[in-house]
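So the chains spell out like this:
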There are 2 protein chains.
Amino acid sequence: MATRFTEDEIIARLFAPLAGEGAFGLRDDAALLPPSPDDGLVVTTDALVAGVHFFADDPPALIAQKALRVNLSDLAAKGAAPIGFLLALALPKDWTNDWLADFARGLGADARDYSCPLLGGDTVATPGPLTLSITALGRASRNRFVSRTGAAPGDVIYVSGTIGDAALGLVIRRAADRLPGLSESARSFLTERYLLPQPRLTLAEALREHASAAMDVSDGLAGDLAKLALASKASAVVDIASVPLSAAAREAIALEPDLLEAAMTGGDDYEVLCCVRGDAQAFERAARAAGTPVTKIGEVIAGDGPPIFRDGKENIIYFNKLSYRHF
Amino acid sequence: MATRFTEDEIIARLFAPLAGEGAFGLRDDAALLPPSPDDGLVVTTDALVAGVHFFADDPPALIAQKALRVNLSDLAAKGAAPIGFLLALALPKDWTNDWLADFARGLGADARDYSCPLLGGDTVATPGPLTLSITALGRASRNRFVSRTGAAPGDVIYVSGTIGDAALGLVIRRAADRLPGLSESARSFLTERYLLPQPRLTLAEALREHASAAMDVSDGLAGDLAKLALASKASAVVDIASVPLSAAAREAIALEPDLLEAAMTGGDDYEVLCCVRGDAQAFERAARAAGTPVTKIGEVIAGDGPPIFRDGKENIIYFNKLSYRHF
């Protein structure tokens, strides 16, 4: 085996080029961010484990990008703009220089594209699977934060983008012989949606202006809406026929109708789920102007039960489970 | 097996009681901290893996406390005061409610004692060993941060507390039959120093006032001093006889003189290593007043080589390796 980088070389050669202002080129144990007289600070963390959140043989650049993007998705849903991130990386025994260089390249591309530089980190060895956790810091403009708790009966419920693509991409990624009738273009679209989420940071301002409550859809639409409704002490009704599906998702579900449930309850969408009171048209216009269309899927109602999903004919649809659960 | 907590129950029952202001009782995906007009923000992260940084059968409360304290130690060395922390926790397959309750109890005790509440987190499942990473946020009073880069020839080098206890504690923890002649009190003192570091937060103000450079000793005195010297583009000379050792460490080294090298190069001290220019007496007085005595161990010198360790008779001592390395 070729000589591997030392810990110091990993930092100096691969990660230091990603360092932001205040990170001292990653030569210190901590980073220093300047005082912020007007804006609040939003902090969030997400951990990813090989074999649980991604496949160990996924392309390393995409693993890095997904780890960063799931955190950026949280910032977006809170109406915040990225400041920077910290990375804790536990490398399994068989890591190689090439793997790590690709990982850093992917991370660096996203750090640049999303104006979210690396502020610090820790790289350690693990006898287990690759494990990484990212903590992202964001700016809450004028200290305005969009919580989960502000929804009230009568609010309109929106989602960004399309729902279920990643869950269907995971079905395909798990078993290459699934859905043999699916077109190649649909197969690659859904797989990419699983591998590489699109954090909806462009929606942040529209959310700050118009949303009564918001969160990102990470564990599945049905379960995440249940969490938002519970936090807001309300319930919700969703018209399944109005939930936006991509052409690829519609193609997959036409081949295997049971996959509709996977789309509604499967994780990894990283779309924004939000509630809007008052001028819903203005929110739709702001989202369109930001380049991220949103679709009305239902309404917040009084009550304390889980959200009700109805088909176009007013029948209630029951799911086996609402979302992904670790435990 | 008794029913285990669900993910929601883990958060609501065990971790929500540790939540700080702005964390919304951990019912949101992110926390919001208020604007800080005067103080800078210090951020740091450290990851710990069972079998690497601690033993899987260490008491769960101590695992939690160590994970938090190694981050608090970084804040202390940077002259910062804790604001709060985020926890990413990957639980192995065999976790139990009791284990997790003890873990949360230890974490909560330290969160309270160090005024460092939980601001957010992520709890996931792993097929590998218990892995946790903590990101700590601190307040840099008047935006003053003590970096690694400020040392210059002539500065006096200090360490807090005593050095090497944890490395010797690890030797004992690894093999119960080591050092059979060691007293029980020394054995338990050294073991506890390994299990439960003491972050030197009380020194933060004295460091802000007097230190030209500082870091915490986490990987071993010799190697960490080498890092500080390199970052400051200088070298250093240390008188080994002046490095403060506890009575227990002296007892262990008397039994097995080779352990002196473990004490000088082994990790997990979590003492502060710093350089002082000008009125060193004033720094010593401030440290004593803060309840954390410091000891002069050497001097920064011009040069670009690794630090020189000398015994009392001016002989240079060479170590096999300067500190712990993951790779």
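Described in the following lines is the structure provided in the data block. (Residues numbered from 1 in each chain as written. Chains lettered and ligands numbered in written order. Predicted model: local features only at pLDDT ≥ 70, side-chain atom pairs only at ≥ 80, totals over all residues. Heavy atoms only, no water.)

**Considerations on the pairing of strand E2 (residues 40–49) of chain A**
No. 1: The buried fraction of E2(A) amounts to 10 of the 10 residues, a majority that puts the element mostly inside the structure.
No. 2: Neither face of E2(A) is left uncovered, since the one carrying A:Gly40, A:Val42, A:Thr44, A:Asp46 and A:Leu48 and the one carrying A:Leu41, A:Val43, A:Thr45, A:Ala47 and A:Val49 both have all their residues buried.
No. 3: Bridge count for E2(A) against strand E5 (residues 131–140) of chain A is 10 bridges, and the pairing is antiparallel. Its bridge partner being in E5(A), A:Asp46 is matched across the sheet by A:Ile134.
No. 4: Sheet topology note: the E2(A)/strand E1 (residues 31–33) of chain B ladder contains three bridges and is antiparallel. For A:Val42, the partnering residue across the bridge sits in E1(B) and is B:Leu32. (Buried < 20%, exposed > 50% of the residue type's maximum accessible area, 1.4 Å probe, protein only. Helix = DSSP H or I, 4+ residues; strand = E, 2+ residues; numbered from the N terminus. Pairing = 2+ DSSP bridges.)

**Comments concerning the nonpolar core**
The tendency in soluble globular proteins is for nonpolar side chains to be buried as a group.
No. 1: Formed by 106 residues in total, the largest nonpolar core has its most connected members in A:Phe15 and B:Phe15.
No. 2: Setting aside chain neighbours within four positions, we find B:Phe15 in contact with B:Ile10, B:Leu26, B:Leu87, B:Leu89, B:Phe103, B:Ala104, B:Leu107, B:Leu118 and B:Thr123. (Core = buried A, V, L, I, M, F, W, Y, C linked by side-chain atoms within 4.5 Å. Contact = heavy atoms within 4.5 Å.)

**What about the interface of chain B and chain A?**
No. 1: The interface is formed by 63 residues belonging to chain B together with 64 residues belonging to chain A.
No. 2: Interface area for chain B against chain A, summed over the two sides, is near 5200 Å², with a carbon-plus-sulfur share of 61%.
No. 3: The interface formed by chain B and chain A contains four salt bridges.
No. 4: As a salt-bridge pair, A:Arg148 and B:Asp29 come within 2.7 Å of each other at their nearest N and O atoms.
No. 5: Linking chain B with chain A are 19 residue pairs in polar contact (both at pLDDT 80 or more), by the criterion used here.
No. 6: Put simply, the parts of the chain that give the side of chain B that touches chain A at least two residues each are helix H1 (7–15), E1, strand E2 (40–49), strand E3 (81–91), strand E4 (118–125), strand E5 (131–140) and strand E7 (211–217) of chain B.
No. 7: Among the elements that make up the side of chain B that touches chain A, the one with the highest residue count is E2(B) (nine residues). (Buried area = accessible area lost by both parts, 1.4 Å probe. Salt bridge = Lys/Arg side-chain N within 4 Å of Asp/Glu carboxyl O. Polar contact = N/O pair within 3.5 Å; in protein donor to acceptor, adjacent residues only side chain to side chain.)

**Remarks on the relation of the copies chain B and chain A**
Both copies of the chain are related by a screw-like operation: a rotation about an axis and a shift along it.
No. 1: After a rotation of 180 degrees and a shift along the axis of 0.0 Å, chain B superposes on chain A with an RMSD of 0.0 Å. Here the copies are linked by what is in effect a two-fold axis.
No. 2: Counting the interface residues of chain B, we find that 100% of their copies in chain A are interface residues as well, pointing to one common contact surface. (Least-squares fit on C-alpha atoms with pLDDT ≥ 70 in both.)

**Here's the deal with empty space enclosed by the protein**
Using a probe with the size of a water molecule, rolled over the atoms, empty space left in the structure can be pinpointed.
No. 1: Within the structure shown, the criterion is met by one cavity of 30 Å³ or more.
No. 2: Considered as a void within the structure, the largest cavity measures approximately 70 Å³ in volume.
No. 3: Lining the largest cavity we find 14 residues, and of these A:Thr131, A:Ser133, B:Thr131, B:Leu132 and B:Ser133 sit closest to its centre.
No. 4: Among the elements of the structure, strand E3 (81–91) and E5 of chain A together with E3 and E5 of chain B are those that each provide at least two residues to the lining of the largest cavity.
No. 5: Tallied by class, residues from the lining of the largest cavity come to 10 nonpolar, four polar and no charged. (1 Å grid on protein atoms, 1.4 Å probe; cavity = no way out; pocket = protein on both sides within 12 Å on 5 of 7 lines; lining within 4 Å. Points joined across faces, edges and corners; volume = space filled by probe spheres on them. Nonpolar A, V, L, I, M, F, W, Y, C, P; charged D, E, K, R; others polar.)

**Considerations on the side chain of B:Ser212**
Residues and elements named next belong to chain B.
No. 1: Relative to the assigned elements, Ser-212 resides in strand E7.
No. 2: Residue Ser-212 is classed as buried on the basis of its relative accessible area, which comes to 18%.
No. 3: Reaching out from Ser-212, the side chain makes a polar contact with the side chain of Asp-155 at a distance of 2.7 Å.
No. 4: Beyond its immediate stretch of four places on either side in the chain, Ser-212 contacts Ser-147, Gly-150, Ala-151, Asp-155, Cys-275, Val-276 and Arg-277.

**A few points about helix H10 (residues 280–289) of chain B**
Helical geometry: 3.6 residues make up each α-helical turn, so side chains three or four residues apart lie on a common side.
Residues and elements named next belong to chain B.
No. 1: Those residues of H10 that fall on the buried side of the exposure criterion are Ala-280, Ala-282, Phe-283 and Ala-287. End-on view of H10: buried residues confined to an arc of 155 degrees, all on one side of the axis. Residues of H10 that are exposed and angled more than 90 degrees away from the buried face: Arg-288 and Ala-289.
No. 2: On the buried face of H10, the contacting elements are strand E6 (156–160), helix H6 (204–210), strand E9 (271–276) and strand E10 (294–301).
No. 3: Gly-291 lies just past H10 and shows a positive phi near 85 degrees. (Arc of directions from axis to C-beta.)

**Things to note about the sheet that holds strand E12 (residues 316–317) of chain A**
Residue and element names in this part refer to chain A.
No. 1: Read across the sheet, seven strands follow the order E7-E9-E6-E10-E8-E11-E12 without closing on themselves; strand pairing throughout is mixed. Because the sheet does not close on itself, it has two edges, and the strands there are strand E7 (211–217) and E12.
No. 2: In this sheet, strand E9 (residues 271–276) lies alongside strand E6 (residues 156–160) in antiparallel orientation, the contact comprising four bridges. Bridge assignment links Val-156 to a residue of E9, and that residue is Val-276.
No. 3: Against the sheet, helix H7 (residues 221–231) makes contact with E6, E7, strand E8 (235–239), E9, strand E10 (294–301) and strand E11 (308–310), and its axis sits at roughly 145 degrees relative to E7, the strand it touches most. (Axes fitted to C-alpha atoms, helices over the stretch in contact; angles between N-to-C directions.)

**Focus on the pattern of salt bridges**
No. 1: By the definition in use, this model includes 35 salt bridges over all chains.
No. 2: When the shortest N-O distance is used, the salt bridge between B:Asp102 and B:Arg105 registers 2.6 Å. A residue pair is termed a helical-turn pair when its members lie 3 or 4 positions apart in one helix, as B:Asp102 and B:Arg105 do in helix H3 (residues 97–113) at three residues.
No. 3: Connected through shared salt-bridge partners, A:Asp165, A:Arg193, A:Arg200 and A:Glu271 make up one network.

**Some thoughts on the state of the cysteines**
Residues and elements named next belong to chain A.
No. 1: This model, assessed by the stated rule, comprises zero disulfides over all chains.
No. 2: The structure places no disulfide on Cys-274, whose sulfur is separated from the nearest cysteine sulfur, that of Cys-275, by 6.7 Å.
No. 3: Among the residues examined, Cys-274 registers a relative accessible area of 2% and is labelled buried. (Disulfide = S-S within 2.5 Å.)

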